[in-house]
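Structural overview for review
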Amino acid sequence: MRLGGVGRQSHSRSLTAKQALLTLAIALLLSVLAGAIELALDARKMRQEIVHQTQYRLELVDGTAAEAAFQLNPDLANQVIEGLFGGGRVASVILRDDFGRIMAERYREYEAPSGWLTRALFGDILHYVELLEYHTGSGSLSEPVGELELTLALDSLGRDFTERSLLIFSLGVVKALAIAALLAVAFHAYITRPLLQVHDAIVNADPRQPGRWPKPAMGGHANDELGHLVESLDELLNAFQQGLEQRDRLHQISTMDGLTGIANRRRFDDFLAQEWQRAHRCGHPLSVIFLDIDHFKEFNDHYGHVAGDDTLRAMAEALTRVVNRASDLVARYGGEEFVCVLPDTDLEGARQVADRIRRAIHDLNIPHAHSTQAGRVTASLGVASAFPADGRSNREALLAQADSQLYRAKHQGRDQVASHS
């Protein structure tokens, strides 16, 4: 029998599944927060890279662009424009001479609209103007010969940032899943599995003997909270065991006669009620034997109460030797009176048991100077039987019949068996 009457929960409700889902949720939340921080840092880094790369490209073509403007060479100017326009991030490039006339220019045919985030991130770093100066000779000052204007494509920058963001976010999710899996495995191995061992040990404990539960060995948890939990459970279950044992002892004391060691009147009443119901369901007979020691008051007066108690104990032992079926009951009814309950026994069978009891008492051969018989202790017995299933009798009537037969046996001379026909 399992303690608590429950088994292992379904996988969807198990501690392992809940722990794994919780770990995953925490890992994903942390990955989102970390990803947001990483995206902000990456956006700052990307801005710096864009500015640096654009300025570097402008510096590379500065000399050639200045020469084209100084010489008013449109072919060279177009070569400079084409060189700067490649790469996909440039929206327009214009080269002007020192009079502001356009020598070469190039525009993107179409620029996709960009969102507010892209404009907020890169709107202030799109436009660049490089003043072109030409050195005519050594020792002479540089003269401005024109300017080079470059504008970056906002949609291209936004597309590059989105691709980088997706990559960063994807890597963050993968790392979160990997961390969650590692945490779930580690937590299961170190925490959940020992807890499940404790759970199984409690479930498989015998509720009739909880102190003998299969206490699990905690290993590495001997000195931590889990080990302390197991020790506390062990103490609790042992306390339950002691309580059950104490309850059983008290129950045994409350249903046992202290002098003779057999059942007392309380136990007899409960047993008779139980067997009456069972006989009623099964349609079986139920018999009762009342027994009273003859002239017991005179025995006590002559031999003393100590000898009287010894006689009562000897009488109880004789009864239990004869009435020895596991289904039968021998009880002390009160004083020197005893009662036997014989389930599944009809009147004839009960009378035979009563005759054997009477002979067993003779075999005790206990001296009794005031006995009406041959100087030894005897007893009178009354027998009654009923079929509870027929509905014509009840427990009280059965006891009254057995008691009436007992007194009939006494009135007829004692040391005999009387039965109700």
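A quick note: this is a predicted structure, and the numbers were derived from the prediction, not measured. (Residues numbered from 1 in each chain as written. Predicted model: local features only at pLDDT ≥ 70, side-chain atom pairs only at ≥ 80, totals over all residues. Heavy atoms only, no water.)

Brief notes about the sheet that holds strand 1 (residues 90–97)
Heads up, the rule is: Any two strands between which DSSP finds at least two bridges are classified as paired. Note on conventions: DSSP H or I runs of at least 4 residues are helices, E runs of at least 2 residues are strands, and numbering of each starts at the N terminus. Between the N-to-C directions of two axes lies an angle of 0 to 180 degrees, each axis being a line fitted to C-alpha atoms and, for a helix, fitted only over the stretch in contact. Here a residue-residue contact requires only that any non-hydrogen atoms of the pair lie within 4.5 Å.
Read from one edge to the other, the open sheet built from four strands follows the order 2-1-4-3, with strand pairing classed as antiparallel. At either margin of the open sheet sits one strand with a lone partner, and together these are strand 2 (102–107) and strand 3 (127–134). Across this sheet, the average inter-strand angle for adjacent strands is 10°, counted without regard to direction. Where strand 1 lies against strand 4 (residues 143–152), seven bridges are found, and the strand directions are antiparallel. By the bridge assignment for strand 4, D97 is matched with G146. Where helix 2 (residues 74–85) meets the sheet, its contacts fall on strand 1, strand 2 and strand 4, and the angle it forms with strand 1 comes to roughly 155°.

Description of the pattern of salt bridges
Here the idea is simple: oppositely charged side chains can pair when their charged atoms come close. Selection rule: Salt bridges are defined as contacts in which a side-chain nitrogen from Lys or Arg sits within 4 Å of a carboxyl oxygen from Asp or Glu. Only protein chains enter the accessibility calculation, which uses a 1.4 Å probe; a residue whose area is less than 20% of its type maximum is buried, one above 50% is exposed, and one in between is partly exposed.
Under the definition given, this model contains 23 salt bridges. D160 is the partner of R89 in a salt bridge, and the nearest nitrogen-oxygen pair spans 2.9 Å. Here R89, found in the loop between helix 2 and strand 1, pairs with D160, found in helix 4 (residues 154–203); they are 71 residues apart in sequence, far enough to count as distant. For D160, a relative accessible area of 18% corresponds to the buried category. K215 is paired through a salt bridge with D234; the nearest N and O atoms lie 3.8 Å apart. One end of the pair, K215, is in the loop between helix 4 and helix 5 (225–254); the other, D234, is in helix 5, and 19 residues separate them in sequence. Since its relative accessible area comes to 37%, K215 is described here as partly exposed. In this structure, a network of salt bridges that share partners links the residues D292, D294, K410 and R414.

Purely geometric stuff here, so don't read any function into it on its own.
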